[in-house]
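The lines below spell out each chain.
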Amino acid sequence: MTQPPSPLSSVVLRFAGDSGDGMQLTGERFTTESAVFGNDLATLPDFPAEIRAPAGTLGGVSAFQVQISDHDITSAGDTPDVLIAMNPAGLRANVAQLERGATIIVNVDAFDERALAKAGYLENPLADGSLSAFSVFEVPMTSLTTAASEEVGVKPRDAERSKNFFALGLVCWLYSRPIENITAWIDKRFAKNDLVRQANYRAFRAGYDFGETSEAFAVRYEIAPAPFAPGEYANITGNTALAWGLVAIAQRSNLPLFLGSYPITPASDILHELSKHKRFGVRTFQAEDEIAAAASAIGAAYAGSLAVTTTSGPGLDLKSEAIGLAVALELPMIIVDVQRGGPSTGLPTKVEQTDLLHALYGRHGESPVPVLAPATPGDCFDTAIEAARIAVKYRTPVIVLSDAYLANGTEPWPIPDPLSIDPIDPDFASGPNATDAEGNPAFWPYLRNPETLARPWAVPGVAGLEHRIGGLEKADKTGAVAYDGKNHEVMTHLRADKVAGVVADIPDVVVDDPSGAARLLVVTWGGTYGPVAAGVRRARARSVNVAHVHLRHLNPLPANLGEILSSYSTVISPELNLGQLASVLRSRYLVDVKTVSKVQGAPFRAAEIDAAIEEYR
Amino acid sequence: MSTPVQLTTRKDWVSDQEVRWCPGCGDYSILAAVQMLMPELNVNREDTVFVSGIGCAARFPYYMNTYGVHTIHGRAPAIATGLAVSRPDLHVVVISGDGDALSIGGNHLIHALRRNVNITILLFNNRIYGLTKGQYSPTSERGKVTKSTPAGSLEAPFDPVSVALGAEATFVARTHDMDRAHMQETIRRAWAHEGAALVEIYQNCNVFNDGAFTDITSRTSRDDMLIDLHHGEPIRFGAQKQFGVFRHLDGSVYTDTITLDNEASMVVHDESAPDPSGAFALSRLTRSDHEPTPVGVFRNVQRPEYGDLLNGQIVDSQERDGLGDLAALFRGNGSWTVSA
């Protein structure tokens, strides 16, 4: 087939199969190739909490969605244009999301009676006409894969396991991806096992060649590169970006980085990533529990490290007491919460934004902490750096609210020049700062910087600064244990004022309102930025005037936010919770913020936002 | 940090804070023993950190003129772990009690011991909750009548030494608040140990559990009731050293009067035995506060220290692959260039 590929501006692909079928790997590889090709893209991995859920069942379906485009996009797309279903369960779990006219590519070999029954099909959907609204391509992926790799001596049972590479090859052909990088990657990745390497390579080629020669596919597509600013880019997940941001700011500031963590989905990859970077002097400590993870970070902060603890919702519950101690000790520390569905174990692999109120208020006593939330996977890098700046400058724990969507999703990330990252000056205390009653030099651990209200960071090892701190209330300035009520009131206000004062370092938010005539404002925070921005664009494409403001800073809130909120007649807050930000904004600004809620363990769709805009405009 | 060690006296180690334990509390004698010992330990005040959790004992750091952190209930070993691995140049001492270390903080205690983190843990055991005014603790004897157990405690107590040995701690010892010299000698040895060292200190709470250890630690009963362990020596005790410790065939130990017949079979204490079973058997010798009780060093073995291992991996990686380079890190997973 020599027909030139037809141009497409964007496409949404969804790979779906059993959780052991390698769908994540396949999706990631296709994404990487598209990134290198120059497309803009966004991804949405979607997998079950079980490592190997019962094969062939709906519960065991693992999927990976990616949108690639020739223009700037902000989400992984609402509904797949193309569904690649490796088995009946993969089809059944996703077909309801497809719109009329979508393409379905199925591994027809997997549609036997047993597999159909496992997926809950009474009739074969390929035969009963139920898919008539779609273009269905039945490809015998298993048998073609087995045939291709049998030649190199792979047993049929093992050969079958390469069928995801067949699918990858086929899709690469269909969307005119260059294949040199993928074949090189296969060689490298499977270098240790030549038989597996050859099997995967042959399966990949067989898929690609099938597209080329079978004439099953009448059209081949091409998505031109998107107009990116010149420079170097990497495809990056939120978890990796967050880890690299921490490494970068620690390295630039010449502070040792310490991570105390306990494995928990979907935050563990930050621990994994940081554990690799011993060359940067990063100390990672897999603690016995979430509490010890946070506690060890406090010890490391006291020792003079840039101290971090990472977790997800249930872990944040357990860390609350330690965070309260860090508030009292006034030591710099970063707590990363990669949010997932709750309460309790909830939906461990699915996205939700339900920890905002916990981050803001989830400690006993008046216990304020700055809270930040990254907007996109790449923004996790900058947010980690900003969290470190605030933590060190103000000597305070800072909570970063990422989420499962950002953690595993990817986007092209402009690689920064390391030298462009300004170092943090830890400004360690080096000598006495007061005089005691007898006129001798003394060190007062709670004598504050009048501008920031930050107390000195005095690390052990410096003679003359020996001092005792702790969870008991401290006397203003001297830091001696103090039970006096008046002093407690002074200290409570000082801690609150210090955190409120972080607003001085927070830029005003900028409203995205191209028409200047919008009466409706959409306010978002954290990982919903991309999908909601896509919805706002969709509304604007219908000539609806709508403004959008996105918050990265949840505490303190940007100084100009109140004025912005009150200048629109209607304000809506789409959130993956029951209205947590809306409740904060209502109480703070007395503005009647309406909640657009979704708690389905999935990001918003642009269409849902568009519909909400239509409802409220 | 590497400044020469200054000559100090006891008063250099005393902070300006008013000590607020109940009059007559055993904590005073422990504090005095430590403050008097510090000038002999060849360490500067600024390189010493006392870390505590919650409880009466946990106020200890406020009274030491060193660096100190009074933290949250049970978590001191975890906080001390983050501190000790980040700063191998420091001497980190954890001050804890029976509730703090063995109830709410039991998990952190066993894992700090298992990892062999370079910290010295002083566990003040008074077999009662003092700061909350007199509830039974995990070391209280079964049947103990307290405010929360008016009909008697139902629980079998922990023996802190047994727990530590079960966690394969590399240094485990016991001493008591009635004998300053013994306390100081035991703590001195714990301080010198590389890795995690646990010292249980029998401590009298004269308000809520007065006399808990009187039967074994009082001057009149001490000779017959305390079995002082000495490495390499047969374990004998009593005013005339007339009693000895012997081993049953199943490995457990018992006390008996020494005779010509059994003298040769007395247990010889080996604190450096690689297997903790012998030390564990000694820790099970006593089932109440009214029987002869071993004190001194139960176990003292060498095992790589956790912080050394952790920092060693960093040094190895840097020596093998060079120092980290951010520009290379950012390109490590593949990158592409968009030209102008």
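Caption draft 1: Representation of the overall build of chain A in the model. Each helix and strand in chain A was counted, giving 20 helices and 24 strands. Here the C-alpha atoms of chain A give a radius of gyration of 27 Å, agreeing with the 25 Å that 2.2 N^0.38 yields for 617 residues. Taking all 617 residues of chain A together, the buried fraction comes to 62%. Taking the intrachain contacts of chain A between residues at least 6 apart in sequence as the baseline, contacts between residues at least 24 apart amount to 76%. A total accessible area of about 23,000 Å² is found for chain A, and carbon and sulfur atoms account for 51% of it.

Caption draft 2: Expanded view of the interface of chain A and chain B. Facing 67 residues of chain A, the contacting portion of chain B comprises 60 residues. Carbon and sulfur atoms make up 61% of the surface buried where chain A meets chain B, a total of about 5,300 Å² over both sides. Our enumeration of links across chain A and chain B arrives at four salt bridges. With its nearest N and O atoms 4.0 Å apart, the salt bridge here joins A:E466 to B:R45. Along the contact surface separating chain A from chain B lie 33 residue pairs in polar contact (both at pLDDT 80 or more).

Caption draft 3: Structural context of the domain arrangement of chain A. Residues and elements named next belong to chain A. Along its sequence, chain A is organised into domain 1 (6-223), domain 2 (234-420), domain 3 (427-505) and domain 4 (520-616). On a C-alpha basis, the centres of domain 1 and domain 2 stand 34 Å from each other. Each partner contributes to the interface: domain 1 provides 17 residues, whereas domain 2 provides 10 residues. Across the contact surface, domain 1 and domain 2 share one salt bridge. For K350, the salt bridge is made with D46, and the minimal N-O distance between the two is 2.4 Å. Here domain 1 and domain 2 share three residue pairs in polar contact (both at pLDDT 80 or more) between them. Here the side of domain 1 that touches domain 2 gets seven residues from one element, more than from any other, and that element is strand β3 (residues 40-46). Residue composition of the side of domain 1 that touches domain 2, by class: nine nonpolar, six polar and two charged.

Caption draft 4: Representation of the pattern of salt bridges within the structure. On inspection of all chains with the given rule, the structure shows 39 salt bridges over all chains. Measuring nitrogen to oxygen at the nearest pair gives 3.0 Å for the salt bridge that ties A:E151 to A:R202. Note that A:E151 is positioned in the loop between α4 (141-150) and α5 (156-159) and A:R202 in helix α8 (residues 194-213), a separation of 51 residues in sequence. The salt bridge involving B:D89 is made with B:R87; its shortest N-O contact spans 2.9 Å. Assessed through its relative accessible area of 29%, B:D89 is described here as partly exposed. Ionic contacts of the salt-bridge type, sharing partners, join the residues A:R542, A:D610, A:E614 and A:R617 into one network.

Caption draft 5: Just the sheet that holds strand β12 (residues 336-338) of chain B, in detail. Taking strand neighbours across the sheet as the criterion, the three strands line up as β16(A)-β9(A)-β12(B) in an open arrangement whose pairing is antiparallel. Where the open sheet ends on each side, the last strands, each with one partner, are β16 (410-414) of chain A together with β12 of chain B. Adjacent strand axes in the sheet meet at a mean angle of 40° when their direction is disregarded. Here strand β9 (residues 231-237) of chain A runs beside β12(B); their pairing, made up of three bridges, is antiparallel. Opposite A:E232, over in β12(B), you have B:T337 as the bridge partner.

Caption draft 6: Representation of the sheet that holds strand β9 (residues 243-247) of chain B. Residues and elements named next belong to chain B. Spatially, three strands are ordered β8-β9-β10 in an open sheet, and the strand pairing comes out antiparallel. The open sheet terminates on both sides in strands that have one partner only, identified here as β8 (236-237) and β10 (253-257). Sheet analysis places β9 next to β10, joined by five bridges and oriented antiparallel. Within β10, the position partnered with F246 by the bridge is Y254.

Caption draft 7: Quick peek at the environment of A:P5. Residue and element names in this part refer to chain A. As for its placement among the helices and strands, P5 is situated in the segment before β1 (6-8). The exposure class assigned to P5 is partly exposed, which follows from its relative accessible area of 27%. Here P5 is in contact with S176, R220, Y221 and E222, once residues within four sequence places are set aside.

Caption draft 8: Highlighting the pairing of strand β5 (residues 171-176) of chain B. Residues and elements named next belong to chain B. Burial analysis of β5 places six of its six residues in the buried class, the great majority of the element. The alternating pattern of β5 places F171, A173 and T175 on one face and V172, R174 and H176 on the opposite face, and all of these are buried. Of the strand pairs in this sheet, β5 and strand β11 (residues 293-300) are connected by four bridges, and their pairing is antiparallel. Residue R174 lies in a different strand from β11, and its bridge partner there is G296.

Rules and cut-offs
- Residues numbered from 1 in each chain as written.
- Chains lettered and ligands numbered in written order.
- Predicted model: local features only at pLDDT ≥ 70, side-chain atom pairs only at ≥ 80, totals over all residues.
- Heavy atoms only, no water.
- Helix = DSSP H or I, 4+ residues; strand = E, 2+ residues; numbered from the N terminus.
- Rg over C-alpha atoms; globule rule 2.2 N^0.38 Å.
- Buried < 20%, exposed > 50% of the residue type's maximum accessible area, 1.4 Å probe, protein only.
- Contact = heavy atoms within 4.5 Å.
- Areas by Shrake-Rupley, 256 points an atom, 1.4 Å probe, with all protein chains shown as cover.
- Buried area = accessible area lost by both parts, 1.4 Å probe.
- Salt bridge = Lys/Arg side-chain N within 4 Å of Asp/Glu carboxyl O.
- Polar contact = N/O pair within 3.5 Å; in protein donor to acceptor, adjacent residues only side chain to side chain.
- Domains from an automatic or database assignment.
- Nonpolar A, V, L, I, M, F, W, Y, C, P; charged D, E, K, R; others polar.
- Pairing = 2+ DSSP bridges.
- Axes fitted to C-alpha atoms, helices over the stretch in contact; angles between N-to-C directions.

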